[in-house]
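The residues making up each chain are set out below.
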Number of protein chains: 2
Amino acid sequence: MSELRFDPLKKRWVILAPERRRRPHEFLVPQSGTPEQDITTCPFEYGREALTDPEIMIIPRDTPPSSGPNWQVRVVPSRFPALRVEQELSRDGSWIYDRVSGVGAHELIVEGPEHCLEMADMRHEDIQLVLSAWRARLRDLRRDVRVRYVLIFKNHGAEAGAVFSHPHSLLLATPVIPPEVVNELQAAREHFERKERCVFCDLVKHERQLGERIAIETDSFVALEPYASAHPFETWLLPKSHGHDFASATDDQLAGLAGILRDLLRRFRVLLNEPPYNLVLHTAPTPQPRPGHPQYWSTLELDFHWHIEIVPRLTRVAGFEWGSGFSINPTPPEEAARYLRKTDPEGERT
Amino acid sequence: MSELRFDPLKKRWVILAPERRRRPHEFLVPQSGTPEQDITTCPFEYGREALTDPEIMIIPRDTPPSSGPNWQVRVVPSRFPALRVEQELSRDGSWIYDRVSGVGAHELIVEGPEHCLEMADMRHEDIQLVLSAWRARLRDLRRDVRVRYVLIFKNHGAEAGAVFSHPHSLLLATPVIPPEVVNELQAAREHFERKERCVFCDLVKHERQLGERIAIETDSFVALEPYASAHPFETWLLPKSHGHDFASATDDQLAGLAGILRDLLRRFRVLLNEPPYNLVLHTAPTPQPRPGHPQYWSTLELDFHWHIEIVPRLTRVAGFEWGSGFSINPTPPEEAARYLRKTDPEGERT
């Protein structure tokens, strides 16, 4: 059974998932040649639904096909789950070592029936359906009080860690709040307590005034390159209006997000030749008071502001980054934003 | 000029090094095929000293050659330095954004004159000379009061981020303490303040009592798999006797470290078929009181305990790890330690 362990020196949780383990000689497979699923064997194709476990949910097509299955987005359980619902929640520890049992969920969101239709190629409406599926799963999984956070992310391309080439996103529901999210929650909380303003709202306002790090702006969203970008072309998509929780996003907001996300992915494609990328949704954790457990938050995280972070995988993470927590980024965010602004999302690749 | 920027939400420093920047289309080169230096053009070969900038220091051979240059270890400046000594230290900020100018140093330690003699193949004595060079550079760079930390690390193999195949380690002297080190310093400080004992000394004692996560033990060192290992076969090398500062390590300690390091690298080779790996030295920062700057430490870090952390690069870091701060590790440390214990460091590769 999997479990989460807390590193008392690094102050972070690690998921130990021995059911996914390999024997030492199985690590010898070269990393770079990760075999992606071929279309002829891909279990996520339209009509091959029997090759996966039964679906958790589907979103049907807006124009149903005359025959065959009717789905546009389909959510299935992971075949090799790192965390599972069918496990007792236990929290214990000895000495300075703490652990939590691997309760949670691990799901795969099939973003559409077509193997080669990347998100950048999809219609706005179909991207919005993917975002609706994220919201629906978030709402549903939150009802399990053992779930402290629902992490929704997307790895595109083998270099970004994608195991399948069929367009998909991933979801991991965890019994602890991810370390990166804890940092952001704390920063937002500190800012709010001092100023009674949301730090992300302030950030959007400040960056819009400066302009130099804004890549794209629409009525309801901005795409900006953060001041301390850790990676070239790291981009955050933030709604202009305050909202702590993606589960409460309106359909209008999802439509706006689908639009700016598609625009950004197309600019990446044109400017950076369809790079591999990672995308992570950041949202407030499930409100769940737990007095006496300082690692949990006892109030509604109304001071948070949901957003999406995207990093094209253009440089390799080496020992320096891993061992220090520093990144070395050769591309200043002001320069990345300038390039993105002048890129035509419908243009030819360079 | 490079600079360091602090991310007010993630609470970490990023080094922006635009002198190393590429234009967007230059990122299009595939990552996995990083070209390693060929022996025929390698600037670190014996006799090709003129192909690098003048050396910062050398350690001569114990049996000098009858003719030609006489060095066993040679330290040269990086050709593309992320940080430089020739720059004014300035710290400033506006709004919630803080920056420090890119003062520091970036050096390359050529570990020996032979292109294909990896550290695992070197004699104990020659590994000890590499460690002596690390200590000498640490002592020297510390004299510059602008330097807050000297990060010494090693990337072995292209998959671990190595740009050169000639055996080498790297050094980056920084004007701020790396985020990962700050975490460890805080944890050590908290433990010490509560218990008046070093947390690493306690850790070594506790793990030796349990035994299950100890991979190798010698008179003066242990190699252990940490309780919350973030990666398969992540290993820490800790001196059994307390010492906060690698710069104060004795020659005897370096000899002991050379021995256990060589042993571990040979076990990795046998068990995991010479994996790419990253190695990072963790030591206390330069003592330097700076009242009013909470990010700096105002006293000697006597409660720290220097050590080395090594991670074979067996799994790919994907979006999940990057966006959450979690790792998913399929190999429990108890199992990794068991495999390492039963591996013969002089054995045949599996």
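Here, residues in each chain are numbered from 1, in the same order as that chain's written sequence. All chains are assigned letters beginning at A, and all ligands numbers beginning at 1, according to the order in which they are written. Given that this is a predicted model, residues contribute local features only at a pLDDT of at least 70 and side-chain atom pairs are listed and counted only at 80 or more, while totals for whole chains, interfaces and linings are drawn from all residues.

A. Structural view of the overall build of chain A. Regarding its fold elements, chain A presents 6 helices and 15 strands. A radius of gyration in this sense is built from C-alpha atoms; the matching globule rule multiplies 2.2 Å by the number of residues raised to 0.38. For a compact globule of 350 residues, the expected C-alpha radius of gyration is about 20 Å, and chain A comes in at 20 Å, within 12% of that figure. In terms of principal-axis extent, the alpha carbons of chain A reach across some 60 × 55 × 40 Å. Counting other C-beta atoms within 10 Å of each residue's C-beta, where C-beta atoms are placed from the backbone, gives the exposure class: buried for 20 or more, exposed for 12 or fewer, partly exposed between. Looking at chain A as a whole, 53% of its 350 residues qualify as buried. Contacts spanning at least 24 positions in sequence make up 69% of the contacts within chain A whose residues lie at least 6 apart. Under the DSSP-based scheme used, a helix requires at least four consecutive residues in state H or I and a strand at least two consecutive residues in state E, with every element numbered from the N terminus. We call two residues in contact whenever the C-beta atoms placed from their backbones are within 7 Å.

B. Quick peek at the sheet that holds strand E14 (residues 307–312) of chain A. Residues and elements named next belong to chain A. Pairing is antiparallel in the open sheet, where 10 strands are placed in the order E3-E4-E7-E9-E8-E13-E14-E12-E11-E10. Looking at which strands have only one partner, the edges of the open sheet turn out to be strand E3 (57–59) and strand E10 (214–217). Neighbour to neighbour, the strand axes of the sheet diverge by 20 degrees on average, direction disregarded. Strands are treated as partners if at least two bridges between them are detected by DSSP. To obtain each axis, a line is fitted to C-alpha atoms, and for helices this fit is confined to the stretch in contact; angles are then taken between N-to-C directions over 0 to 180 degrees.

C. Representation of the sheet that holds strand E15 (residues 327–329) of chain A. If you trace the 5 strands from one edge of the open sheet to the other, you get E15(A)-E2(B)-E1(B)-E6(B)-E5(B), paired in mixed fashion. At either margin of the open sheet sits one strand with a lone partner, and together these are E15 of chain A together with strand E5 (91–94) of chain B. Across the sheet, the mean angle separating the axes of adjacent strands is 30 degrees when strand polarity is ignored. Strand direction decides the pairing type here: strand E1 (residues 3–7) of chain B and strand E2 (residues 12–16) of chain B, joined by 5 bridges, are antiparallel. Following the sheet pairing, Glu3 of chain B is matched in E2 of chain B by Leu16 of chain B.

D. Here's a closer look at the environment of Ser220 of chain B. All names here are of chain B. One can find Ser220 in the loop between strand E10 (214–217) and strand E11 (221–224). Exposure remark for Ser220: the 16 C-beta atoms within 10 Å place this residue in the partly exposed category. In this structure Ser220 touches Pro239, Lys240, Ser241, Gln253 and Gly256, once residues within four positions along its chain are discounted.

E. Main features of helix H4 (residues 251–272) of chain A. All names here are of chain A. Helix length check: H4 (22 residues) gives 31 Å between terminal C-alpha atoms against 32 Å at 1.5 Å per residue, within 8%. Burial analysis of H4 places 16 of its 22 residues in the buried class, the great majority of the element. Note on H4: the residue one or two positions beyond its end, Asn273, has a positive phi of about 60 degrees. To estimate how far a helix should reach, multiply one less than its number of residues by 1.5 Å.

F. A look at the relation of the copies chain B and chain A. For the pair chain B and chain A, the best superposition has an RMSD of 0.0 Å and corresponds to a rotation of 180 degrees with a translation of 0.0 Å parallel to the axis. The transformation relating the two chain copies, once decomposed into turn and shift, fits a two-fold axis. Both copies present the same face, since 100% of the interface residues in chain B are matched by interface residues at the equivalent positions in chain A. Residues reaching a pLDDT of at least 70 in both copies supply the C-alpha atoms on which the copies are superposed by least squares.

G. Molecular detail of the packing of helix H1 (residues 124–141) of chain A against H4 of chain A. Residue and element names in this part refer to chain A. In the contact formed by H1 and H4, the axes pass within 8 Å of each other and the chain directions differ by 120 degrees. Classified by the interaxial angle, the pair formed by H1 and H4 is oblique. Here H1 and H4 pass one another in a crossing that is right-handed. Across the interface between the two elements, His124, Ile127, Gln128, Leu131, Ser132 and Arg135 of H1 pack against Leu254, Ala255, Leu257, Ala258, Gly259, Leu261 and Arg262 of H4. A breakdown of the residues in the contact of H1 with H4 according to their chemical character gives 7 nonpolar, 4 polar and 2 charged. Any angle from 65 to 115 degrees is called roughly perpendicular, while one under 35 is roughly parallel, one over 145 is roughly antiparallel, and all others are oblique. Crossing handedness is read from the near helix: turned anticlockwise from the far helix by less than a right angle, it gives a left-handed crossing, and turned clockwise, a right-handed one. Residues are grouped as follows: Ala, Val, Leu, Ile, Met, Phe, Trp, Tyr, Cys and Pro are nonpolar; Asp, Glu, Lys and Arg are charged; all remaining types, including Gly, are polar.

H. Structural detail: the interface of chain B and chain A. Tallying the contact residues gives 75 residues for chain B and 75 residues for chain A. Looking at the side of chain B that touches chain A, its residues break down into 43 nonpolar, 18 polar and 14 charged.

I. Molecular detail of the pairing of strand E8 (residues 149–156) of chain A. All names here are of chain A. Across the 8 residues of E8, 8 count as buried, placing the element largely inside the fold. Here E8 shows two buried faces, one formed by Tyr149, Leu151, Phe153 and Asn155 and the other by Val150, Ile152, Lys154 and His156. Here E8 pairs with strand E9 (residues 168–174) via 5 bridges, running antiparallel. Paired with Val150 across the two strands is Ala173, which belongs to E9. Note that E8 and strand E13 (residues 277–282) share 5 bridges and pair antiparallel. Looking across to E13, one finds that Phe153 is bridged to Val280.

J. Geometry of unusual backbone geometry. Residue and element names in this part refer to chain B. At Lys11, a residue that is not glycine, the phi angle is positive and equals roughly 60 degrees. Secondary-structure assignment places Lys11 in the loop between E1 and E2. You will see that Phe233, though not glycine, has its phi angle at about 65 degrees, which is positive. Tracing the backbone through its elements, the reader meets Phe233 in the loop between E11 and strand E12 (235–239).

K. Main features of helix H1 (residues 124–141) of chain B. The end-to-end C-alpha separation of H1 of chain B is 26 Å, in line with the 26 Å expected for 18 residues at 1.5 Å each. For H1 of chain B, every residue scored as buried is listed here: Asp126, Ile127, Gln128, Leu129, Val130, Leu131, Ala133, Trp134, Arg135, Arg137, Leu138 and Leu141 of chain B.

L. Expanded view of the pairing of E12 of chain B. Residue and element names in this part refer to chain B. Within E12, 5 of the 5 residues are buried, leaving the element largely enclosed by the surrounding structure. Along E12, one buried face is formed by Thr235, Leu237 and Pro239 and the opposite face, lined by Trp236 and Leu238, is buried too. As defined by bridge partners, E11 adjoins E12 across 4 bridges and the pair is classed as antiparallel. Looking at E12, one finds that Phe221 is bridged to Pro239. In terms of strand pairing, E12 meets strand E14 (residues 307–312) through 3 bridges, oriented antiparallel. Note that in E14 the partner of Trp236 across the bridge is Glu309.

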